[in-house]
Amino acid sequence: MVIERGTSGRHEVALTFDAGSDVGYAVEILDLLAAERIRASFGITGEWAQEHPELVVRMAAEGHLLMNHTQTHPSMTQLSTADRLAELEAADAVVTANTGHTMRPWFRPPFGDSDASVLVDVALAGYRYSVTWTIDS
């Protein structure tokens, strides 16, 4: 299932962030979210999690949702099924090792790059929800 918009019937905003390149403003964002008692969703690459394990631990401890954003952030439509599954498994292994929790069933496609074959493959790996966005900063 691709999730682009929620259906709660309430006026609300879902904040999602991608953690995949540099550390950027991650600490400041987490501090602000904590101060305002707001939970957000973070698409985490395995490479980023390896470089910043303390932030991944903090995100999980503060109740944020962690979504699998693959190990190396490739265009998923350009990969074979085996390569797609390897990307997902590698990223999840890093996050699970640091937090004790899998990112399943949440997937965040790199670049928003997805098609029917990607959705089938990620579902095979246990990712039922592919979370995209409606506004990109």
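Just so you know, these numbers come straight off a predicted model, no measurement behind them.

Draft legend 1. Highlighting the overall build of the protein. Helix and strand counts for the protein stand at five helices and six strands. For the protein, the N- to C-terminal ordering of α and β elements is β-β-α-β-α-α-β-α-β-α-β. Here the C-alpha radius of gyration of the protein, 14 Å, is about what a compact globule of 137 residues would show, namely 14 Å. Across its three principal directions, the C-alpha atoms of the protein cover 45 × 35 × 25 Å. Taken across its 137 residues, the protein has 36% of its residues classed as buried.

Draft legend 2. Fine view of the environment of T102. Summarising the element assignment, T102 is placed in the loop between α4 (81-99) and β5 (106-107). Between the alpha carbons of T102 and V122 there is a distance of 14 Å; along the sequence they are 20 residues apart. Ignoring any residue separated from it by four or fewer positions in sequence, one finds T102 in contact with D92 and T96. Within polar-contact distance, the side chain of T102 engages the backbone nitrogen of R104 at 3.1 Å.

Draft legend 3. Looking closely at the nonpolar core. Ranked by size, the top nonpolar core spans 17 residues in total, and within it F42, I44, W48, V56, M59, L66 and V95 carry the most contacts. Of all the elements in the fold, those that place two or more residues in this core are α1 (26-35), β3 (41-44), α2 (46-51), α3 (53-61) and α4. Sequence-distant contacts of V56, defined by excluding residues within four places in its chain, comprise I44, W48, A49, L66, V95 and T99. Counting seven residues, the second largest nonpolar core, distinct from the first, contains F107, V118, V122 and Y127.

Cut-offs applied
Residues numbered from 1 in each chain as written. Predicted model: local features only at pLDDT ≥ 70, side-chain atom pairs only at ≥ 80, totals over all residues. Heavy atoms only, no water. Helix = DSSP H or I, 4+ residues; strand = E, 2+ residues; numbered from the N terminus. Rg over C-alpha atoms; globule rule 2.2 N^0.38 Å. Buried < 20%, exposed > 50% of the residue type's maximum accessible area, 1.4 Å probe, protein only. Contact = heavy atoms within 4.5 Å. Polar contact = N/O pair within 3.5 Å; in protein donor to acceptor, adjacent residues only side chain to side chain. Core = buried A, V, L, I, M, F, W, Y, C linked by side-chain atoms within 4.5 Å.

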